[in-house]
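Structure assessment
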Amino acid sequence: MDKKFDLKHLNVKAFARDGVRLQGQQSLTHFERLSDLAWSGEGQTAPAPEVSWSLTGEMTPVAGGEPEIWLHLSAEVSLPMQCQRCLTPVLERVAAERSFRFVADEATAAALDDEAEEDILVISRDFDALALVEDELILALPLVPLHEVCPQTMPMSAVD
């Protein structure tokens, strides 16, 4: 039986229990916060880039306890940004790859968060997986976008 999963309202437990793997591409325009960070200066005529993503659910057995619920995320986009050296567009490849473990409540998440290497989130039957994809890509953005070598030399001058 082929189930449909709504990524804006994902039942994470069912997704992990079924071991589903979903992947796709969506226009950057579907990710409003990420889209706001893209270059939109003069001469920007190219179509919006595509965000590629994949999500995999997994239940990991635990000796003497309930299985752990995991969501593995991978996403990437080539985002036009403004080079902070020459102020012209630069295409930055932004990629994120993370795994998230889901727990029953906020108290458990807070208790595990400091000692766990993985990210801990609270389980939900109405989880916005596409917002998580967007969050992770925003976190992966370069602090200072720069060309390896700027296409034009910048006039530099110093005055005593």
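The text that follows walks through the structure, step by step, so that each part is easy to find. (Residues numbered from 1 in each chain as written. Predicted model: local features only at pLDDT ≥ 70, side-chain atom pairs only at ≥ 80, totals over all residues. Heavy atoms only, no water.)

**Details of the nonpolar core**
Formed by 36 residues in total, the largest nonpolar core has its most connected members in Leu34, Leu55, Leu79, Phe127, Val133 and Leu137. Element by element, the count of residues in this core is highest for strand β3 (residues 68-82), at seven residues. Every residue in contact with Leu55, bar those within four places of it in the chain, is listed here: Leu7, Phe15, Val20, Arg21, Leu22, Leu71, His72, Leu73, Ala129 and Val133. (Core = buried A, V, L, I, M, F, W, Y, C linked by side-chain atoms within 4.5 Å. Buried < 20%, exposed > 50% of the residue type's maximum accessible area, 1.4 Å probe, protein only. Helix = DSSP H or I, 4+ residues; strand = E, 2+ residues; numbered from the N terminus. Contact = heavy atoms within 4.5 Å.)

**Details of the pattern of salt bridges**
In total, this model carries nine salt bridges according to the counting rule given. Here Glu68 and Arg101 are joined by a salt bridge, their closest N and O atoms 3.2 Å apart. In this pair, Glu68 sits in strand β3 while Arg101 sits in strand β4 (residues 89-103), placing the two residues 33 residues apart along the sequence. In this structure, Arg101 and Glu118 form a salt bridge, with 2.7 Å as the shortest nitrogen-oxygen distance. Taken together, the residues Arg101 in strand β4 and Glu118 in the loop between α3 (106-113) and β5 (119-122) connect sequence positions 17 residues apart. (Salt bridge = Lys/Arg side-chain N within 4 Å of Asp/Glu carboxyl O.)

**A look at the sheet that holds strand β2 (residues 50-60)**
Spatial ordering of the open sheet is given by β1-β2-β3-β4-β5, a layout of five strands whose pairing is mixed. Both edges of this open sheet fall to β1 (21-27) and β5, since each of them pairs with a single strand only. Taken over all neighbouring pairs, the strand axes of this sheet differ in orientation by 25° on average, direction set aside. By the bridge criterion, seven bridges tie β1 to β2 in an arrangement that is antiparallel. Following the sheet pairing, Arg21 is matched in β2 by Thr56. This element, helix α4 (residues 129-139), spans β1, β2, β3, β4 and β5 of the sheet and lies at about 55° to β3. (Pairing = 2+ DSSP bridges. Axes fitted to C-alpha atoms, helices over the stretch in contact; angles between N-to-C directions.)

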